[in-house]
Amino acid sequence: MARFYVTTPIYYVNDVPHLGTAYSTIVTDALRRYHLLRGDSARMLTGTDEHGLKIERVAHEKGTTPQRWADETSARFRAAWPKLDIAADDFIRTTEPRHTEFVRELWKTIEAKGDLYEGEYEDWYCVGCESFKTEKELLPGNLCPIHLKPVERLKEKTFFFRLSKYEKILLELYARKPDFIAPKERRNEIISFVEGGLRDLSVSRTSFKWGIPVPGHDEHVMFVWFDALANYMSALKHGPNGEDLMAYWPKLGSDARAVHIVGKDIIRFHAVYWPAFLLAAGFTEDELPSQVYAHGFLTIDGMKMSKALRNGVDPVRLASEVGPDVLRYHLLRAIAFGQDGDFDHAALVERYNADLGKNLGNLLNRTLGLCAKYTGSKVGPGWAPTPLEDDLFAAVKIHAADAANEWDSIAPHRALEATWAIASAANQYVDRAAPWAAVKDADKERGQARVETILSTLLSLLGALSIMIWPAMPQKSAAMRKQLGLEPVEPRTGHDLFANLFALRAPGEAFSVGAPLFPVIDKDTEKALLERLVPKTDASAATDAAAAATPAAATPAAAAALSKNDAPTKPPEADPGSPMTRSLIAYDQFGAVDLRVGVVVSAERVQKKDKLLQLKVDIGEESPRSIIAGLAKTFKPEELVGKRVIVVANLAPRDFGGGFVSFGMLLATGPSEDLTLATVTGNVAPGARLK
RNA sequence: GCCGGAGUAGCUCAGUUGGUUAGAGCGGGCGUUUCAUACGCGCUAGGUCAGGGGUUCGACUCCCUUCUCCGGCACCA
């Protein structure tokens, strides 16, 4: 028996549960269940991350308090998971005292050991935005790009974490523990990131309040990630009932493993900052998480998940339609864990029919049918295995061992593949053994004994399968076992259910055949189901975002790319800010901006700059303006030609090096990979002034 | 541009340290059984293993190079 501690990321409360978070959480739960099957003492943690400026702002915009906002959103996560048959052992909120107290202790420990120091952050500051700006963000003449007013040089007090000190230590760690970061693509990325040099990390803010106060410095709140990462340990230090569960945390000589399941977008925080924080607090290398495993992103029916397009699939609704087990199975089986994957509704139905209905479901059904016919729905006494059975068991045991290995190495898709190889082998076996023929043996007794052997064999395999599917499909496992006349899977610590998977049933045990576990979905039902499930996206908005009126504008809060993951080495929040936080400008200030309608006459890529395009834009002048714009992530050069754009015509020229100088700027909105250009309706002549 | 990863049958992917006819699942096609949820089983893909060079007796598997895609970094709206 070993201890296995597995965690999901804690989810930021400016979002609600969606398919991506559901996926992380389902995988984590399946791993927890697998380890329980093995007799391990497994523990799963999930929760919500509730601090930070973003939350403070969202709450403000919604006219509520951060705490109330967090309460509501956190409750939605908490309510969602059980509906997906996720049974976390603990749900932590970063606003709980057990967490905040732990984090403050952690802070004090690190401070005492010398890796936190008070310093000053100095950079350009825009009073209008009330935030720092980096040099790069500024317009020529040190103007704020939003307010077009001069910025000031300002210092803010902040605590720094001595991250630079851990550069070498972390690289050595990665070298010594090759599995610490998985999959290996991510590992490579992290290594090259750290090799690129680590700067000390600003880990406190004075510009907002919604966070954990720094001990002894109430004007500072902690950087959200310092706060958030510690949840994995605070939840052990102070369990849900106040108990100390630190035995689950790895330690030299202990059998405890801790695995963090994360999305690939937050791997850096977990693989760089978190171990550095722990080392700084005096934990040894043996007391770091065993592994940080990053999964990929999901697309839905081939399209990116996007709030603006509203194709976010509600996992709870999906589960209520197809059943949590089916959703879980499909996610676990169809997506290669660690890689990006596509959630395809039609594929879900297809897989359901093939794997669940026709393979496993039908196997159960036909076996029980045979039992009803030949043994009175009881386990017969006959047991005389032939080479056919011996070969089958040999093969099937290998598959079971494969499945176990794959679960152990966190490859649910492969584990399930191996599991289903057993079901396939069983179906083949039925045909080969042909009990319906065997029963016609001239020697009646011999025929009956043969049939009983065959059926006992099948029952053994089905019993094994009912256990092996439990991590993915707990309810279906129970339903299956009920039909087999077995109690639901009940894992016990120290009792490895894989040890005797293929145990034979005792003669006389009875079954209770029920309705098909996985009725096959026919074409008509499928059509109706898909119609209900597949989210209606605005196709034109999806495929022609460039030309369409910006969909993001309708929901500013959602469009603002609210993420807590903004690079933390940047100054405190170079956030464009909500409309509420902007200051007002006088009419002449606006009038100072010369906005013109332009037509793109040519566009080409800028060498060595992935994001940049060099445009020639006709704004009614003798010759087209040369403008460098960061549009390359969204647009191909040729598709811009002929487009009407809005140009800031009186912007001071900016030199991009290599002979590329930009004389103006285009107006656009959205993230860099999905920009929408501002334009005008109607056939306005180039050079027309906007006012 | 730098650093990674990937490009294998219609789709999703396996292919160990280079070695006889390149694999699986799904879908499709053909055949077949009857216990079963019109389900199962068997057969079936003649695939330039992205392209081009090279090393080797021999390369999907090693080296070089080109192209495409995806990430990270850089640059940036």
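Because the structure is predicted, anything quoted here is derived from the model rather than measured. Numbers given for residues are sequential positions, taken from 1 along each chain in its written order. In the order they appear in the text, chains get letters beginning with A and ligands get numbers beginning with 1. Given that this is a predicted model, residues contribute local features only at a pLDDT of at least 70 and side-chain atom pairs are listed and counted only at 80 or more, while totals for whole chains, interfaces and linings are drawn from all residues. Note that water and hydrogens are dropped before the side-chain values are worked out from all heavy atoms of the structure.

1. Regarding the protein's contact with RNA strand B
- The environment of RNA strand B is formed by 41 residues, the closest being E189, R268, G361, N362 and R366.
- Among the atoms of RNA strand B lying within 4 Å of the protein, the sugar-phosphate backbone contributes 68%.
- Contact between RNA strand B and R268: a phosphate oxygen at 2.6 Å from a side-chain N or O atom of the residue.
- Here a polar contact is taken to be a pair of N or O atoms separated by no more than 3.5 Å, where protein atoms must pair a possible hydrogen donor with a possible acceptor and residues adjacent in sequence count only if both atoms sit in side chains. Contacts to RNA strand B include N365, whose side-chain N or O atom sits 2.8 Å from a sugar or linking oxygen.
- When contributions to the surface near RNA strand B are tallied by element, the ones reaching two or more residues are α6 (184-195), α12 (345-374), α14 (412-433) and β19 (609-618).
- Strands are runs of DSSP state E lasting at least 2 residues, helices are runs of H or I lasting at least 4, and numbering of each runs from the N terminus. In terms of residue count, α12 provides more of the surface near RNA strand B than any other element does, 11 residues in total. When at least one non-hydrogen atom of a residue lies within 4 Å of a molecule or strand, that residue is treated as near it.

2. Some words on the sheet that holds strand β12 (residues 217-222)
- Strand order in the open sheet formed by 3 strands is β10-β12-β11, with antiparallel pairing between adjacent strands. If you trace the sheet from one side to the other, it starts and ends with β10 (204-205) and β11 (213-214), each paired once.
- Summarising the sheet, β10 and β12 pair through 2 bridges and their orientation is antiparallel. Along β12, the bridge assignment pairs R205 with V221. Two strands are said to pair when DSSP picks up at least two bridges between them.

3. What to know about the confidence of the model for chain A
- Residues with a pLDDT of 70 or more make up 85% of chain A, whose mean pLDDT is 84.
- Confidence per residue, as judged by the predictor, is encoded in pLDDT with a range of 0 to 100. Within chain A, strand β4 (residues 90-93) carries the highest mean pLDDT (98), whereas helix α20 (residues 556-559) carries the lowest (26).
- Every residue in residues 538-583 is under pLDDT 50, and counting partners more than four places away or in other chains gives 76 contacts.
- Quick note on the complex model: pTM equals 0.81, ipTM equals 0.89. Whether two residues are in contact is decided by their heavy atoms: any pair within 4.5 Å suffices.

4. Notes on the domain arrangement of chain A
- The assigned domain composition of chain A is domain 1 (3-295), domain 2 (358-540) and domain 3 (589-677).
- As used throughout, domain bounds are those supplied by an automatic or database domain assignment. In this structure, domain 1 and domain 2 have C-alpha centres spaced 43 Å apart.
- Taken together, the contacts link 18 residues of domain 1 with 20 residues of domain 2.
- The term buried area denotes the loss of accessible surface (1.4 Å probe radius) that occurs when two parts are joined, taken as the sum for both partners. Broken down residue by residue, the surface that domain 1 buries against domain 2 is led by Y34, L37 and R38, which jointly contribute 40%.
- Salt bridge, as used here, is a side-chain nitrogen of Lys or Arg placed within 4 Å of a carboxyl oxygen of Asp or Glu. Taken together, domain 1 and domain 2 are joined by 1 salt bridge.
- For R38, the salt bridge goes to D496, with nearest N and O atoms at 2.9 Å.
- Scanning the region where domain 1 abuts domain 2 turns up 6 residue pairs in polar contact (both at pLDDT 80 or more).
- At the level of secondary structure, the elements contributing two or more residues to the side of domain 1 that touches domain 2 comprise α1 (19-37), β13 (256-263) and β14 (291-295).
- Per element, the largest residue contribution to the side of domain 1 that touches domain 2 is 8 residues, and it comes from α1.
- For the side of domain 1 that touches domain 2, the class distribution of residues is 9 nonpolar, 4 polar and 5 charged. Residue polarity follows a fixed list, in which Ala, Val, Leu, Ile, Met, Phe, Trp, Tyr, Cys and Pro are nonpolar, Asp, Glu, Lys and Arg are charged, and the others, Gly among them, are polar.

5. Here's the deal with the packing of aromatic side chains
- The rule is short: rings of Phe, Tyr and Trp, with Trp giving its six-membered ring, pair when the centres are within 6.5 Å, and they are stacked under 30 degrees, edge-to-face over 60, tilted in between. Counted under the stated rule, the structure contains 22 aromatic pairs.
- Between the aromatic rings of Y34 and F498, the centroid separation amounts to 5.7 Å while the plane-to-plane angle is 90°, which identifies the pairing as edge-to-face. Here Y34 is found in helix α1, whereas its partner F498 is found in the loop between α17 (474-483) and α18 (523-533), with 464 residues between them in sequence.
- The buried category is assigned to F498, whose relative accessible area is 13%.
- Centroid distance W107 to F226: 5.2 Å. Interplanar angle 75°. Geometry classified as edge-to-face. Relative accessibility decides the category of a residue: with a 1.4 Å probe and only protein chains considered, values under 20% of the type maximum give buried, values over 50% give exposed, and everything between is partly exposed.

6. Things to note about the side chain of S204
- On the secondary structure map, S204 appears in strand β10.
- Owing to a relative accessible area of 0%, S204 belongs among the buried residues under this scheme.
- Side-chain polar atoms of S204 contact the backbone nitrogen of F159, separated by 2.9 Å.
- With near-sequence residues (within four places) excluded, S204 lies in contact with W107, T158, F159, V214, H220, V221, M222 and F223.

7. Details of the side chain of D594
- Its place among the elements puts D594 in the loop between α21 (587-591) and β18 (595-606).
- Side-chain polar atoms of D594 contact the side chain of R596, separated by 2.9 Å.
- Setting aside anything within four residues of it in sequence, one finds D594 in contact with V647, V648, A649, N650 and R689.

8. Here's the deal with the nonpolar core
- Among buried residues, the Ala, Val, Leu, Ile, Met, Phe, Trp, Tyr and Cys ones that are joined through side-chain atoms within 4.5 Å form a nonpolar core. One finds W81, L327, L331, W420, M480 and F502 to be the most contacted residues of the largest nonpolar core, which totals 100 residues.
- When residues of this core are assigned to domains, at least three map to each of domain 1 (3-295) and domain 2 (358-540).
- If we ignore the near neighbours within four places in the chain, the residues touching L327 are L19, L84, P315, L318, A319, V322 and F343.
- With 69 residues, the next largest nonpolar core counts L116, W225, L236 and I266 among its residues.

9. Overview of the pairing of β13
- With 7 of its 8 residues buried, β13 lies for the most part within the structure.
- Here strand β1 (residues 3-7) pairs with β13 via 5 bridges, running parallel. Its bridge partner being in β13, T7 is matched across the sheet by H260.
- At this point the chain moves from β13, through helix α9 (residues 267-280), to the parallel β14, and the crossover so formed is right-handed. Throughout, right-handed denotes a crossover for which the path from the first strand over the helix to the second runs clockwise when the strands point away from the viewer.

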